[in-house]
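Analysis of the macromolecular model
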Amino acid sequence: YQRRVHGENRKILGEMTNHTTLENVTSTAPGAEGASNLPFLIVLAVIVVAIFVWRSFSKRGGGSQRNLLVFLGPCNSGKTSLLYKLATKSKIDSISSLEINRVAFELSSDDRATQIEALDIPGHSHFKHSIEGYIAQARAIIFVVDAADKASIIGSSMDLYDLFINPNYAANPIPLLIALNKQDNILARKQATIEEELTNEIERLKASRRATNDDNSNDYLKFDNQKFSFTRFPIKFCECSVTNDDIKFVRDFVFENWA
């Protein structure tokens, strides 16, 4: 009887041991599989986050692409009219822009055509903070001056000065066209005169900002002892008239930089 009981006990113990082993295998198998997939999941998560950050950075203007044609200049200089003349080949009677205009169009001639994305930034002071980010996206800049308004030279020189010390422009000076608009007006002044006036005004700004010792750490011009010259930058001047459809030099400038 004792041998029979002992044999039955060993049988029960063996079944319990086997059952426990199966439970252990069943409970540990999913964890082992999850552990083997963990490195792949981490890599996948890193890739997704990297793509999201890159896209967000690009949308804010931090990307390396430079595709914008940016229009700058004081109010009433004719920036918007010039832009739409390029885009539609027709003149519009525009008022001073109250918001940033983004326009996509095809610039074409008899033997060539190119797609342009342009940005018209109003000359109002509260848009000044927007310029820096857009300069990082610009391939070229058209700065429009009212050649018939002598009083606007001071404002134009201040805007140009701020552009030259803009960190994004100073680090990578891109092609800049200073378009002297409204040459159809009898009061319009010619390129040599306006270039000299702008140069003298920028020199005065250098002296003034050096004397007041403003805290703009980006202002390297005020410490430059040499007289300012536009030749230090990739700058061209042209006389033009939107009213008279005299914008050939402007069109050529765009084609040259979107070749």
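Residues numbered from 1 in each chain as written. Predicted model: local features only at pLDDT ≥ 70, side-chain atom pairs only at ≥ 80, totals over all residues. Heavy atoms only, no water.

Across all of its chains, the model carries eight aromatic pairs by this definition. On the basis of an interplanar angle of 45 degrees and a centroid distance of 6.1 Å, the ring pair of Phe 164 and Tyr 169 is categorised as tilted. For Phe 164, a relative accessible area of 0% corresponds to the buried category. Taking relative accessible area as the criterion, Tyr 169 reaches 0% and is therefore assigned buried. Taken together through their ring pairs, the aromatic side chains of Phe 164, Tyr 169, Phe 228, Phe 230, Phe 233 and Phe 237 make up a single cluster. Against the face of Phe 255 rests Arg 112, its NZ or CZ located 4.1 Å from the ring centre. (Phe/Tyr/Trp six-rings, centres within 6.5 Å; stacked < 30°, edge-to-face > 60°. Buried < 20%, exposed > 50% of the residue type's maximum accessible area, 1.4 Å probe, protein only. Lys NZ or Arg CZ within 6 Å of the ring centre and 35° of its normal.)

Our next topic: the confidence of the model for the protein. Per-residue confidence for the protein gives a mean pLDDT of 81; residues scoring 70 or more make up 73%. Confidence over residues 1-9 falls short of pLDDT 50; this stretch has zero contacts with residues more than four positions distant or in other chains. Every residue in residues 16-29 is under pLDDT 50, and counting partners more than four places away or in other chains gives zero contacts. (pLDDT = per-residue confidence, 0-100. Contact = heavy atoms within 4.5 Å.)

Attention now moves to the pattern of salt bridges. Within this structure, the stated rule accounts for twelve salt bridges. Between Lys 85 and Asp 245 there is a salt bridge; the shortest N-O distance is 3.6 Å. Here the residue Lys 85 occupies a position in helix α2 (residues 79-88), and Asp 245 occupies one in the loop between β6 (235-239) and α7 (248-257), the gap between them amounting to 160 residues. Put simply, Asp 146 and Lys 182 hold a salt bridge, and the shortest N to O gap is 3.2 Å. One end of the pair, Asp 146, is in strand β4 (residues 138-146); the other, Lys 182, is in the loop between β5 (176-181) and α6 (191-212), with 36 residues separating them in the sequence. Residue classification places Lys 182 among the partly exposed residues on the basis of a relative accessible area of 26%. Within the structure, one salt-bridge network assembled from shared partners comprises Arg 112, Lys 248 and Asp 252. (Salt bridge = Lys/Arg side-chain N within 4 Å of Asp/Glu carboxyl O. Helix = DSSP H or I, 4+ residues; strand = E, 2+ residues; numbered from the N terminus.)

We now examine the nonpolar core. One recurring pattern in soluble globular proteins is that nonpolar side chains are buried together. If you look at the biggest cluster of nonpolar residues, it comprises 36 residues, and the most contacted ones within it are Ile 141, Phe 164, Tyr 169, Leu 176, Ile 178 and Phe 230. Of all elements in the fold, only β1 (68-72), α3 (128-135), β4, α4 (152-164), β5, α6 and β6 reach the threshold of two or more residues within this core. A total of five residues in this core trace back to one element, the largest contributor, which is α4. Discounting residues that sit within four places of it in the chain, Tyr 169 has contacts with Ile 135, Ile 141, Leu 163, Phe 164, Ile 174, Leu 176, Phe 233, Pro 234 and Ile 235. (Core = buried A, V, L, I, M, F, W, Y, C linked by side-chain atoms within 4.5 Å.)

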